[in-house]
There are 2 protein chains.
Amino acid sequence: MALTATESATSTASSFGSAVALSCRECGSRYDLGPVFACIECFGPLEVAYEFGAVTRESIERGPKSIWRYKALLPVPEQVESLPNMNPGLTPLVRADRLAAELGLRSLYVKDDSGNPTHSFKDRVVAMAVEAARTFGFTTLSCSSTGNLAGAVAAAAARAGFRSCVFIPAGLEEAKVVMAAVYGGQLVAIEGTYDDVNRFCSELIGDPAGEEWGFVNVNLRPYYAEGSKTLAYEIAEQLGWRLPEQIVIPIASGSQLTKIDKGFQELVKLGLVEDRPYRIFGAQATGCSPVARAWENGYDVIQPVKPDTIAKSLAIGNPADGPYVLDVCRRTGGAVEHVSDEEIVDSIKLLARTEGVFAETAGGVTTGVLRKLLAKGVLDPEAETVVLNTGDGLKTLNAVAGTGVTATIKPSLRAFKDAGLL
Amino acid sequence: MALTATESATSTASSFGSAVALSCRECGSRYDLGPVFACIECFGPLEVAYEFGAVTRESIERGPKSIWRYKALLPVPEQVESLPNMNPGLTPLVRADRLAAELGLRSLYVKDDSGNPTHSFKDRVVAMAVEAARTFGFTTLSCSSTGNLAGAVAAAAARAGFRSCVFIPAGLEEAKVVMAAVYGGQLVAIEGTYDDVNRFCSELIGDPAGEEWGFVNVNLRPYYAEGSKTLAYEIAEQLGWRLPEQIVIPIASGSQLTKIDKGFQELVKLGLVEDRPYRIFGAQATGCSPVARAWENGYDVIQPVKPDTIAKSLAIGNPADGPYVLDVCRRTGGAVEHVSDEEIVDSIKLLARTEGVFAETAGGVTTGVLRKLLAKGVLDPEAETVVLNTGDGLKTLNAVAGTGVTATIKPSLRAFKDAGLL
């Protein structure tokens, strides 16, 4: 971090590709590309601004079979695919005819992000943070997490040769601890709640001791968040360079939903897809539904809630991008809806039974909201629709723990026939 | 299954692509493509024989981003990618520079098959069995399993719209039961050992009640087994159309190892890669190492063993393809080696720590054997080497269950500094 201003400018010019600045989402103030995340003027969130060069469908299709095929649209260096990184993305867009038939939809696809290296969409955003951390000369990769992010950061740090230090609340389930610890980084349990962990991390970032630390979703957040745009790019390319007419996206902080919208808009501006209307629908669990409540009540502000749901990966009670989510859903003619824990479990089973996709609870939330909004007549059953599964059922086994064997029998054909199983 | 011989011939001609017959591996007798698996003449295993048309690197590279890009080399119909199937494959070939440096290897890659839809290589073989089952008009997809295969079959059946019925020994761990049951098929626990389950399945196949049942690894085995060839094709393509000089492959039944050899040979014959020597190394767990023992002793026959190892997915005490594995390893100048459960766990952690790949126990076996054969001077540290990880660490969490937090601290910077973690 001993770079002078001049050196920094030179290094970032080549290291961030077509990204040219950070820009405040509220007041538009611009900043040099750096490890900063909030506007000095108005405290608004900063996001990456670009000056895109020529990008064609063909140049993308010739690229790597990962998110790096879209590198011209991301804040990463030209040679990114030769650097050690988890190389996530290009996960399956599953044509879901059997689920569509059951729900009465004409055309449905599941974007299944459990296909990423650590089996959640977090690999996309962490991959961006890794490249930014490399450019800024950080030596330690860090985050606070209770789930998917912990594993994604620890794995990516191992691959890229960073030291990692991940903070979790004490008392997490053993499976989650193992998944974060196995990559050999530091895993520090903090006595307290997840909020206590976050407060501790803020303290560390402000201290000289944290100078060489890249917190993926704090001081690297503007870069990190851009990773979600790749979901938009992939869906459009996998549909044959076409935007879906409707898409159902889970809401945790809300960042993913707003970045998918940003990705769609970029594709239109670059002439890579036809400019046709699309409707974005946000999905929350009833037990943590501050954005859905605001939508219902027509509010512009989000009332924080205390989460109580099995959909832990969406359990952010005070979602930073909530107001932007409301904007996007209003502008595109979408909606925000919520489903109960019971509906989440039913929907996990529905998706597994019809399409062979075993989703995390977040995938139960989106599938449940898809079903609910169809039943309400809010979603158009004739429109081409995409629903996101952002994680893997293997990581939230407890949600379907009751699912067991059909029968237990003695090892004979007679016993099998007697059990009425033929 | 009421097809006449003529109808069957017509249907199979189009449904099995360039496959033309089944051929006995022992005596060479040929059979029409059908749901049969053993030679009537000599009881030898049957495998698929082809008459390949023109196949080029370009025709493959233009194909789907799944194993179906190699459909011209598989027993599947031309339009296979439009049929409901899990579409596995094209999993990452990870350039493992950090692991290579630690082991003193010049060039190493990890073929990471945990990227498949149900996170093991079994998705490749089951995808073949699904297409064969469709062609033969089977209505139920079945298997006996204690792990990866159960989930792969249940998921693929759900996707493709088959009824599924999977048989497991009673008393399996809950996580495995949930993973097989969540897809909504029948899951039948058999009171007894895995051997009892297999005997029961043989009884069912011979009974009229089992007429419309496709057991993926019994009456569909010749088609099923071909799926492993796709590992060879992918590795060669991902290396830039080149065979690796050395490859380390796990041995369960031994089928995968022999099929990867078959795949490499096909690529050479078709002129898709240069004909250069490659050495194949087989990997077993010490607690189930019948092939490694035969190799050590210079035997041609395999003495069955009673498995006792944490590498459950490799725990086949009487591996059907064991003698063929010995042939391949001898012919290519390779070897067969085994590692202890302790070495397996160490190797899982080594792979996770250096490359961010969290492997199943089978991946610990191959990585452990890689390390052991390098230390012994059997593997050449200068030769380009590939090591297979065939499954996901999430499915064998128990193996590394002791892995936990570095420290537990109070939520303050002082506590963090006092713990000496900076």
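Our subject is the structure that appears above.
Figured I'd write up the structure that's included with this text.

Here is what the cut-offs are and how they apply
- Note that residues are indexed from 1 along each chain, following the sequence as it is written.
- Just so you know, chain letters begin at A and ligand numbers begin at 1, following the order they were written in.
- Where totals are concerned, whole chains, interfaces and linings use all residues; where local detail is concerned, this predicted model gives features only for residues with pLDDT of at least 70, and gives and counts side-chain atom pairs only at 80 or more.
- As a convention, hydrogens and water are excluded, and side-chain values are obtained from all of the structure's heavy atoms.
- Points on a 1 Å grid, built from protein atoms alone, make a cavity when a 1.4 Å probe fits but cannot get out and make a pocket when they are open with protein on both sides within 12 Å along at least 5 of 7 lines; residues with an atom within 4 Å of a point are the lining residues.
- Grid points are joined across faces, edges and corners, and a volume is the space filled by probe spheres set on the points.
- Side-chain classes follow a simple rule in which Ala, Val, Leu, Ile, Met, Phe, Trp, Tyr, Cys and Pro form the nonpolar group, Asp, Glu, Lys and Arg form the charged group, and the remainder, Gly included, forms the polar group.
- Fitted lines through C-alpha atoms serve as axes, helices being fitted only where they are in contact, and the angles separating the N-to-C directions of these axes extend from 0 to 180 degrees.
- Where helices and strands are cited, they refer to DSSP runs of H or I of at least four residues and of E of at least two residues respectively, numbered from the N terminus.
- Each angle receives one of four descriptions, namely roughly parallel if under 35 degrees, roughly antiparallel if over 145, roughly perpendicular if within 65 to 115, and oblique otherwise.
- Contacts are residue-level and defined by heavy atoms, with any inter-residue pair within 4.5 Å sufficient.
- Here, any two strands with at least 2 DSSP bridges between them count as paired.
- What sets the superposition is a least-squares fit of C-alpha atoms, and only residues with pLDDT of at least 70 in both copies go into it.

**A few points about empty space enclosed by the protein**
- On inspection of all chains with the given rule, the structure shows two cavities of 30 Å³ or more.
- There is about 150 Å³ of room inside the largest cavity.
- Together, 15 residues line the largest cavity, and Phe358 of chain A together with Pro117, Thr118, His119 and Tyr183 of chain B are the ones closest to its centre.
- For the lining of the largest cavity, the per-class residue count stands at seven nonpolar, five polar and three charged.
- Here the second largest cavity is characterised by a volume of approximately 30 Å³.
- Along the walls of the second largest cavity sit Pro92, Val94 and Asp112 of chain A together with Met86, Pro117 and Arg159 of chain B, which together make up its complete lining.

**Examining the packing of helix α13 (residues 341-355) of chain B against helix α14 (residues 361-375) of chain B**
All names here are of chain B.
- As a packed pair, α13 and α14 sit with axes 7 Å apart at the nearest point and diverge in direction by 90 degrees. In terms of orientation, α13 and α14 fall into the roughly perpendicular class. Contacts between α13 and α14 pair Glu343, Ile344, Asp346, Ser347, Ile348, Leu350 and Leu351 from the former with Thr361, Gly364, Val365, Thr367, Gly368, Arg371 and Lys372 from the latter.

**Let's talk about the sheet that holds strand β3 (residues 46-50) of chain B**
- Spatially, three strands are ordered β2-β1-β3 (chain B) in an open sheet, and the strand pairing comes out antiparallel. If you trace the sheet from one side to the other, it starts and ends with β2 (30-31) and β3 of chain B, each paired once.

**A look at the relation of the copies chain B and chain A**
- Take chain B, turn it by 180 degrees, move it 0.0 Å along the axis, and it overlays chain A with an RMSD of 0.0 Å. Taken together, the rotation and translation describe the operation of a two-fold axis. Every residue of chain B has its C-alpha some distance from the rotation axis, and the shortest such distance is that of Gly115 of chain B, at 2.9 Å.
- Mapped onto chain A, 100% of the interface residues of chain B again fall at the interface, so both copies present the same surface.

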